[in-house]
Amino acid sequence: MTTREKGRDAATRPRRGGSYAVGRARRARILHVAMEEFAENGYRGASLARIAERAELSQPGLLHHFRNKEELLAATLDLRDEMDAQRFVDADAAPLTGIAAMEALVDLVERNQRVPGLVQLFTVLSAESATADHPAHTWARTRYRRIRGFIADAIRGGITSGEFRSDVDPEAHAFRLVAIMDGLQQQWLLDAEAVDMAAVFAAYLHETLDMIRARPAS
């Protein structure tokens, strides 16, 4: 470690009594910097040394929080999921349900279309993690279960509120919607000029809403 790096780490080393808050703030900064680095340069092109420099840490200081690049990437994607999740709550922080939750999915796909680097990272990591021994295998499996669970719960909420028909299968529609989102991402990454991911998903979602929406009693 150089004198400059030692000084940098010393300047940011948490003091007794405030170590937890400082450590959390430092970790959050690393993750936001890593998100920018991964989006700009992809997973293979991203550099831990460059991430550490941008976060004003030495590389050993960075590795104190994240043992390797794979672990940092998984944490970065978790952060992205947390940011996305904020789009699915109302002003009182209650989960959206029914039609409002479905429309929020359209907003999410539109946002993803503006950040191709992160979409590519998620797509590649998801494919790589299909093998049980991959470091991100548990993360990917948990993420899919969480997303399907949110969509299914949102549809159940719509059934309870009377927005959706009572005979709708929430789990089946959750599987379909996640499959459509991921499939569109793959096609869009391969041929963005031919695939308007947000427009195609919005059309599919609205067709689904027309199918499951409750009809006024005649």
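Refer to the preceding data block for the structure.
Definitions and limits used
- Residues numbered from 1 in each chain as written.
- Predicted model: local features only at pLDDT ≥ 70, side-chain atom pairs only at ≥ 80, totals over all residues.
- Heavy atoms only, no water.
- Axes fitted to C-alpha atoms, helices over the stretch in contact; angles between N-to-C directions.
- Helix = DSSP H or I, 4+ residues; strand = E, 2+ residues; numbered from the N terminus.
- Parallel < 35°, antiparallel > 145°, perpendicular 65-115°, else oblique.
- Left-handed = near helix turned anticlockwise from the far one by under 90°.
- Contact = heavy atoms within 4.5 Å.
- Nonpolar A, V, L, I, M, F, W, Y, C, P; charged D, E, K, R; others polar.
- Polar contact = N/O pair within 3.5 Å; in protein donor to acceptor, adjacent residues only side chain to side chain.
- Core = buried A, V, L, I, M, F, W, Y, C linked by side-chain atoms within 4.5 Å.
- Buried < 20%, exposed > 50% of the residue type's maximum accessible area, 1.4 Å probe, protein only.

A.B. asks: What is the right way to look at the packing of helix α5 (residues 69-85) against helix α7 (residues 116-128) in this model?
C.D. replies: When two helices pack together, their arrangement is captured by the angle between the axes and the distance separating the axes. It is at 11 Å that the axes of α5 and α7 come closest, and there the two elements cross at 120 degrees. Compared by their axis directions, α5 and α7 come out oblique. As for the relative orientation of α5 and α7, their crossing is left-handed in sense. Across the interface between the two elements, Leu73, Leu77 and Arg80 from α5 touch Leu118, Val119, Leu121, Phe122 and Leu125 from α7. Among the residues making up the contact of α5 with α7, the classes are represented as 7 nonpolar, no polar and 1 charged.

A.B. asks: Whenever I open this one, the environment of serine 47 confuses me. Can you help?
C.D. replies: Considering the arrangement of structural elements, one finds serine 47 in the loop between α2 (19-45) and α3 (48-54). Residues serine 47 and lysine 69, spaced 22 residues apart in sequence, show a C-alpha to C-alpha distance of 8.3 Å. A polar side-chain atom of serine 47 sits 3.1 Å from the main-chain amide nitrogen of arginine 50.

A.B. asks: Sorry if this is basic, but what is going on with the nonpolar core here?
C.D. replies: Side chains of nonpolar character tend, in soluble globular proteins, to be buried together. Counting 30 residues, the largest nonpolar core has Met102, Leu105, Ile151, Leu177, Met181, Phe201 and Leu205 as its most contacted members. The contact partners of phenylalanine 201, leaving out residues within four places of it in the chain, are Leu105, Val106, Val109, Leu177, Ile180, Met181 and Leu184.

A.B. asks: What should I look at first to understand the environment of phenylalanine 122 in this one?
C.D. replies: Relative to the elements of secondary structure, phenylalanine 122 occurs in helix α7. Given the relative accessible area of 3%, phenylalanine 122 is considered buried. With residues near it in sequence (within four places) discarded, phenylalanine 122 still touches Leu77, Arg80, Trp139, Arg143, Tyr144, Asp182 and Gln185.

A.B. asks: How should unusual backbone geometry be read in this particular structure?
C.D. replies: Even without a glycine there, the phi angle at glutamate 56 is positive, about 60 degrees. Taking the relative accessible area as the measure of exposure, glutamate 56 reaches 48% and is therefore partly exposed. Even without being a glycine, alanine 93 presents a positive backbone phi close to 70 degrees.

A.B. asks: Got a minute to help me understand the environment of threonine 131 in this structure?
C.D. replies: Tracing the backbone through its elements, the reader meets threonine 131 in the loop between α7 and α8 (137-161). Between the alpha carbons of threonine 131 and leucine 79 there is a distance of 23 Å; along the sequence they are 52 residues apart.

Without other data, these values stay purely geometric and don't point to any function.
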